[in-house]
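Chain residues, written in single-letter form:
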Amino acid sequence: MFYVVICTDKPGHLEVRQANRADHVAYLKSTNVTQAGPFLDANGDMCGSLVILDVADRAEAEAWAAADPYKLADLFTDVRIEAWNRVIG
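Residues numbered from 1 in each chain as written. Predicted model: local features only at pLDDT ≥ 70, side-chain atom pairs only at ≥ 80, totals over all residues. Heavy atoms only, no water.

1. Some points on the pairing of strand β2 (residues 33-40)
Next up, step 1: As paired strands, β2 and strand β3 (residues 46-54) are joined by 7 bridges and run antiparallel to one another. When the bridges of β3 are listed, L40 appears paired with M46.
Next up, step 2: Counting the residues in the hairpin turn of β2 and β3 gives 5 residues, including G44, whose phi is positive at 85°. (Pairing = 2+ DSSP bridges. Helix = DSSP H or I, 4+ residues; strand = E, 2+ residues; numbered from the N terminus.)

Here it is as structure tokens:
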């Protein structure tokens, strides 16, 4: 089943994101991520994340989100996890 993880960075935390980016990308590549990428603000700076997971259930999606290096670095002000039904793609 697909779950979408939607994260919003804390204001002024671009340096935290950049400092943890390599670990975050390695985590993405080592797990059940089907697509991922950052949201961009009006200046083109990264300000959040969208991750699509292919996992068994919501508990697995929550465990994935809890272990994300960005989450561990306290980057986010908000994290939403939503079940998602792919129609196209």
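2. Regarding the environment of K10
Next up, step 1: You can see K10 is positioned in the loop between β1 (2-9) and α1 (14-29).
Next up, step 2: Measuring from C-alpha to C-alpha, the distance between K10 and D74 comes to 8.6 Å, with 64 residues separating the pair along the chain.
Next up, step 3: For K10, the residues in contact, after removing those within four places along its chain, are D74, L75, F76 and T77. (Contact = heavy atoms within 4.5 Å.)

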